[in-house]
Amino acid sequence: MSNEALSNLLREDRRFAPPADFAAAANVKADAYATAEADRLAFWETQAQRLSWGAPWSEVLDWSGKPVAKWFVGGKLNVAYNCVDRHVEAGNGDRVAIHFEGEPGDSRAITYAELKDEVSKAANALTELGVRQGDRVAIYMPMIPETAVAMLACARIGAVHSVVFAAFSPDALRARIEDAGAKLLITADGYHRRGGTVNLKANADEAAEGAETIEHVLVVKRTGADVAWGAKDVWWHDAVGAASTEHTPEAFDSENPLFILYTSGTTGKPKGILHTTGGYLTQASYTHHAVFDLKPETDVYWCTADVGWVTGHSYIVYGPLSNGATEVMYEGTPDTPHQGRFWEIVQKYKVTLLYTAPTAIRMFAKWGDDIPAKFDLSSLRLLGSVGEPINPEAWIWYRENIGGGRTPVVDTWWQTETGAIMISPLPGVTEAKPGSAMRPLPGISANVVDKEGTIVENGHGGLLVLDQPWPSMARGIWGDQQRFVDTYWARFAEQGYYFAGDGAKKDEDGDLWLLGRVDDIMLVSGHNISTTEVESALVSYPAVAEAAVVGAKDETTGQRIVAFVILRAGQEETEDLDAVLKAHVSKEIGPIAKPKQIQIVAELPKTRSGKIMRRLLKDVAEDRAVGDTTTLADSTVMDLIKAKLPHANED
Ligand code: 6R9
């Protein structure tokens, strides 16, 4: 960044207060902010009491080993007991925990009593296969209930799971197995995807082949496809099927590792982010209760993320299950067999709380308003968003077309490293602004600073930092604590801030607007301009569904703004569209932010979790060979974009 702080360009005056009945019945009210502010540690101590502990803690936070925190020091708990058994003991064994919907339309409802039996059996089977407290288990699984069972079974015996997204390659899986030294791999024969089946076992075999630490491969039968069978392979239905439903959960130390989750970051070797139990579960549980306002007796909650991402860990498995939720789990894609599939599922299960990503919302907007309009979505009472900044227009589209213009929308900012939601509206309290994640949650503290670490005034932008420890913070990078310090804590070592890597601004009221990754910020004629603001201006033009903006080298202005734009279904690429869009951005946020070049494209390069990979677009805009595309969800996308932009540097 240049010395000037991030320019504050976009204005947004729309406000959405919670409906009165929602506010009146909300789980968390406005007083929570003041309570937490008065005594942050006492506040978290209260939230930890949401859980059942086997032994009490002696100290809430030990921060002497900074930046590695210990929360609820000396406390003991069993995560699986908290997510399963205690709901059965409380008399809720007949409540459905998971409504599973397979892509081909098969479905299963699993109650808490059944989940307890399955998790207990799996825990016994894992023990039988030699897995002990502290051992690492790699889980390479599709979106099926056994994945949650496998994770909970690890937690139950104090083993550490490392879930690897099922669409990752054998090489990526092998690298993660080796880094963690996993001794067991849990996988499936395959899964249903876009009307076909994927042979997951073949990939798992290829990965396990060279991975010497793997002693056994436990295989769930999902598709029934023919699979190769080796000496280490064990069928889940044999090992787990034969195991006893009796299993006594042991209470483990609050800092016992729960999971490793690899994030690729922008460059280099994936980082194995380490999370532990007591603090993690406390914040996952509290934030799920506070942000989604879950009423376990009546709500049906659906988080559409894949369990291979942190969102799946915290808001499919640990948050909702610790709160006794009834939730939907869907195996497939949103457009199989038709583009209304999500809305059909909402209608079928009468989903009340829906949590999805901006990339999906923009895709639905692109497909057209008429698709959700065909379904009864009146059960919905709250909508959530996570993963990227949500453009104000996408926020409005979501509220209007999915939420019927009545539901609160919560834009939730957090990271794999933060473990749980950090910045979000409270749905029964906050008067939300479309596109803003608003305020840190009660008990959380964040700020925006300039590159020297000085806090910026309201109305200015800069770098988002977290200036107080929080319960679900990462405890390190597996096998490389120095990298943990260097990556997150070195930049503002003097102030002791965690630097998240994101740009943000504080508006005139002090509310926070996330502006994308700092690496993506553009420098145009001496002004730091966020990609998010220009993208949001483009998306606010009715014909535009999605936009990605990059700064390309420019001899006169330092960088020039190049935009890649996807149109909504049925919109034609008219002669004057280029000029119209440039004028629109100019009017919305000012001439400085006007793109020099606009390309209409059919798709944008995205990671498998749906984040736009601007780095690759920058390569195209600067007319050089496109860099590493291994984390791209669809490798053909870049060819299509390059074909559309043969001479990127010509204006
Ligand atoms: C949960 C998750 C983390 C990065 C984060 C930021 C972006 C996530 C966001 C958001 C703006 C939001 N991000 N939520 N940006 N508004 N509501 O996505 O974790 O995969 O580790 O990504 O995602 O850039 O730093 P992870």
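Calculation rules
- Residues numbered from 1 in each chain as written.
- Predicted model: local features only at pLDDT ≥ 70, side-chain atom pairs only at ≥ 80, totals over all residues.
- Heavy atoms only, no water.
- Helix = DSSP H or I, 4+ residues; strand = E, 2+ residues; numbered from the N terminus.
- Rg over C-alpha atoms; globule rule 2.2 N^0.38 Å.
- Buried < 20%, exposed > 50% of the residue type's maximum accessible area, 1.4 Å probe, protein only.
- Contact = heavy atoms within 4.5 Å.
- Near = heavy atom within 4 Å.
- Polar contact = N/O pair within 3.5 Å; in protein donor to acceptor, adjacent residues only side chain to side chain.
- Areas by Shrake-Rupley, 256 points an atom, 1.4 Å probe, with all protein chains shown as cover.
- Nonpolar A, V, L, I, M, F, W, Y, C, P; charged D, E, K, R; others polar.
- Patch = residues over 30% accessible without salt bridge, like charges linked within 9 Å, V, L, I, M, F, W, Y side chains within 5 Å.
- Salt bridge = Lys/Arg side-chain N within 4 Å of Asp/Glu carboxyl O.
- Lys, Arg positive; Asp, Glu negative; His and termini not counted.
- Charge placed at Lys NZ, Arg CZ, Asp CG, Glu CD.
- Pairing = 2+ DSSP bridges.
- Axes fitted to C-alpha atoms, helices over the stretch in contact; angles between N-to-C directions.
- Bend = angle between axes of the 7 residues up to and from the residue.
- Domains from an automatic or database assignment.
- Buried area = accessible area lost by both parts, 1.4 Å probe.

Tell me about the overall build of the protein, and please be specific about residues and values.
Summing up its helical and strand segments, the protein has 20 helices and 30 strands in all. Relative to the 2.2 N^0.38 estimate, which gives 26 Å for 651 residues, the radius of gyration of the protein is 24 Å and therefore close to what a compact globule would have. Expressed as lengths along the three principal axes of its C-alpha atoms, the size of the protein is roughly 70 × 60 × 50 Å. Sorting the 651 residues of the protein into buried and exposed places 63% on the buried side. Across the protein, the fraction of contacts at a sequence separation of at least 24, relative to all contacts at a separation of at least 6, is 71%.

Outline the site of the ligand, supporting the account with residue identities and numerical values.
Close contacts around the ligand come from 16 residues, with Asp411, Thr412, Thr416, Asp502 and Arg517 the closest. A distance of 2.8 Å separates an oxygen atom of the ligand from a polar atom in the side chain of glutamine 415. Within the complex, 90% of the 530 Å² of free accessible area of the ligand lies under protein. If you list the elements that add at least two residues to the shell around the ligand, you get helix H11 (310-322) and strand E25 (512-517). Of the residues assigned to the shell around the ligand, the class counts are six nonpolar, five polar and five charged.

An account of a negative patch on the surface is needed here, citing residue identities and associated values.
A surface patch of like charges, here negative, comprises Asp94, Glu114, Asp117 and Glu246. You can see glutamate 114 is positioned in helix H5 (residues 112-128). Its relative accessible area of 40% is what places glutamate 114 among the partly exposed residues.

Summarise the sheet that holds strand E14 (residues 257-263); cite the residues concerned and give the values.
With mixed pairing, the eight strands of this open sheet are ordered in space as E12-E11-E8-E6-E7-E14-E15-E23. A strand with exactly one partner marks an edge of an open sheet, and here the two such strands are strand E12 (233-235) and strand E23 (476-477). On top of the sheet, H11 reaches strand E7 (160-163) and E14; it is set at about 145° to E14, its chief contact.

With reference to specific residues and values, describe the side chain of lysine 121.
Summarising the element assignment, lysine 121 is placed in helix H5. Not counting residues within four places of it along the chain, the set of residues in contact with lysine 121 comprises Val240, Gly241, Ala243, Ser244 and Thr245.

How would you sum up helix H4 (residues 79-92)? Please name residues and give values.
Working note: α-helix, 3.6 residues per turn, so residues spaced by three or four point in the same direction. Taking the largest bend as the criterion, H4 deviates by roughly 40°, centred on aspartate 85. Packing partners of the buried residues in H4 comprise strand E3 (76-77), H5, helix H6 (145-157), E14, helix H10 (278-291) and H11.

Pulling in residues and values, what's your account of H11?
Within H11, 13 of the 13 residues are buried, which leaves the element mostly enclosed by the surrounding structure. Once H11 finishes, glycine 324 follows within two positions and takes phi at roughly 70°, a positive value.

Account for the pattern of salt bridges, naming residues and giving values.
For the structure on display, the rule yields 41 salt bridges. A salt bridge links lysine 433 to aspartate 511, with the shortest nitrogen-to-oxygen separation between them at 2.6 Å. Here lysine 433, found in the loop between strand E20 (409-411) and strand E21 (446-449), pairs with aspartate 511, found in the loop between strand E24 (498-506) and E25; they are 78 residues apart in sequence, far enough to count as distant. A relative accessible area of 2% places lysine 433 in the buried class. When its relative accessible area of 5% is taken as the criterion, aspartate 511 is described as buried. Bridged by salt links that share partners, the residues Lys433, Arg439, Asp507, Asp509 and Asp511 form one connected network.

Before we move on, can you summarise the domain arrangement of the protein with the specific residues and values?
The assigned domain composition of the protein is domain 1 (20-501) and domain 2 (525-644). Summarising the inter-unit geometry, the C-alpha centres of domain 1 and domain 2 are found 31 Å apart. Around 1600 Å² of area is buried between domain 1 and domain 2 when both sides are counted, 53% of it from carbon and sulfur atoms. Connecting domain 1 to domain 2 are two salt bridges. With a shortest N-O distance of 2.8 Å, glutamate 546 and arginine 362 are connected by a salt bridge. Where domain 1 touches domain 2, the interface holds six residue pairs in polar contact (both at pLDDT 80 or more). Among the elements of the structure, helix H13 (358-367) and helix H15 (392-402) are those that each provide at least two residues to the side of domain 1 that touches domain 2. Top contributing element to the side of domain 1 that touches domain 2 by residue count: H13, with five residues. Its residues assigned to classes, the side of domain 1 that touches domain 2 comprises ten nonpolar, five polar and five charged.

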